[in-house]
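This is what each chain is made of:
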Amino acid sequence: MNDVLGNIRVVLVGTLYHGNVGSACRAMANMGVKELVLAGPRLCDDAGEAARMAVHATDILTARREVASLAEAVSDCAFVVGTTARGGLYRQHVKTPREVAPELLRLASGGKVALVFGREDKGLSNDEIGLCTHLVRIPVHPDYTSLNLSQAVLLCCYELYSAMGVYEPPVEKSPPALAARKHKLADMWRAMLLQIGFMKADKADHMMQGVQRIFSRGVYSDDDVSILMGVARQADWAARHGGGVRPKGSTRSGGGHAAH
Ligand code: SAH
């Protein structure tokens, strides 16, 4: 995976603010992109802001290269992806980052691909757009189409990382509850709700339909069932003993379910 993302180079053209450079580093690190080149930077504010905004991505900041122009920054790249907030002449063949991401990953598996971002105040010039083999616009609300520079970096890198398909969502450790356990849970709750006086015996069937509906919507894992069984045991015990906490391991008095 790193081979492909390692071939993605972020190029910031004519950047004004150190904070944006630092935030861009952080965004890149979040998405596994490591190489940063500043082309003709015009940095005009407190340099410390870059490290402050990069936080744990200062390695990218430190390793950045600075060159005079975009042409120099992309001279060894076969593919150059320009990003633009603006439409207009020569900028109408834009695609979304999501559309181009799979193609860019394919291209990056064979060589360097540059992802180019323009100046905070005036974006990329038409000459610079002319150096690009692809153009990307992040879909945004038409009332305000220009994103913060580092947020544009984040969204583009995010789409590349997503398209890698390597992210694995965490899986729940507890297995799904089996029908028999859920059935037993409902029995325990029925007994407990009667014991605490929540419902009367002649209404129990009806009331339990509502409880069952709650359980069937939200109780999925075996751990869920264990917790709700524990609630039933304690409530049942407290109702029989006039309150208090059920000693660990004690069984339910009155000949019901054994505690587990
Ligand atoms: N005022 C500038 C906007 C600069 S924003 C202009 O009108 O062009 C700084 C950079 O962030 C842009 O050059 C571009 O690289 C990136 N960017 C901002 N919004 C974007 C969007 N909606 N889609 C793609 N890139 C965007």
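Residues numbered from 1 in each chain as written. Predicted model: local features only at pLDDT ≥ 70, side-chain atom pairs only at ≥ 80, totals over all residues. Heavy atoms only, no water.

Draft legend 1. Geometry of the side chain of T84. Its place among the elements puts T84 in the loop between β4 (79–83) and α6 (97–108). Take T84: its relative accessible area is 8%, and that puts it in the buried class. Polar contacts involving the side chain of T84 include one to the main-chain amide nitrogen of R86, which spans 3.0 Å. (Helix = DSSP H or I, 4+ residues; strand = E, 2+ residues; numbered from the N terminus. Buried < 20%, exposed > 50% of the residue type's maximum accessible area, 1.4 Å probe, protein only. Polar contact = N/O pair within 3.5 Å; in protein donor to acceptor, adjacent residues only side chain to side chain.)

Draft legend 2. Representation of the layout of surface pockets within the structure. Its volume calculated, the largest pocket comes out at about 420 Å³. What lines the largest pocket is a set of 23 residues, among which T84, A85, R119, S146 and L147 lie closest to the centre. In the lining of the largest pocket, the residues fall into eight nonpolar, eight polar and seven charged. (1 Å grid on protein atoms, 1.4 Å probe; cavity = no way out; pocket = protein on both sides within 12 Å on 5 of 7 lines; lining within 4 Å. Points joined across faces, edges and corners; volume = space filled by probe spheres on them. Nonpolar A, V, L, I, M, F, W, Y, C, P; charged D, E, K, R; others polar.)

Draft legend 3. Geometry of the nonpolar core. The biggest cluster of nonpolar side chains holds 38 residues, and the ones touching the most others in it are V10, L12, L36, L115, F117 and V153. The element best represented in this core is helix α8 (residues 149–164), accounting for seven residues. When neighbours within four sequence positions are excluded, V153 is seen to be in contact with V10, L12, A24, A27, M28 and F117. In this structure, L185, M192, M199 and M208 belong to the second largest nonpolar core, which totals 17 residues. (Core = buried A, V, L, I, M, F, W, Y, C linked by side-chain atoms within 4.5 Å. Contact = heavy atoms within 4.5 Å.)

Draft legend 4. Quick peek at the site of the ligand. Near the ligand you find 19 residues, and of these T83, G118, I138, T145 and L147 are the closest. At 2.8 Å, a backbone N or O of L147 approaches a nitrogen atom of the ligand. When the free accessible area of the ligand is taken as 550 Å², the share hidden by the protein chains comes to 92%. Comparing atom positions with the cavity grids shows the ligand to sit within the largest pocket. (Near = heavy atom within 4 Å. Areas by Shrake-Rupley, 256 points an atom, 1.4 Å probe, with all protein chains shown as cover. Sits in = over half its atoms within 2 Å of the grid points.)

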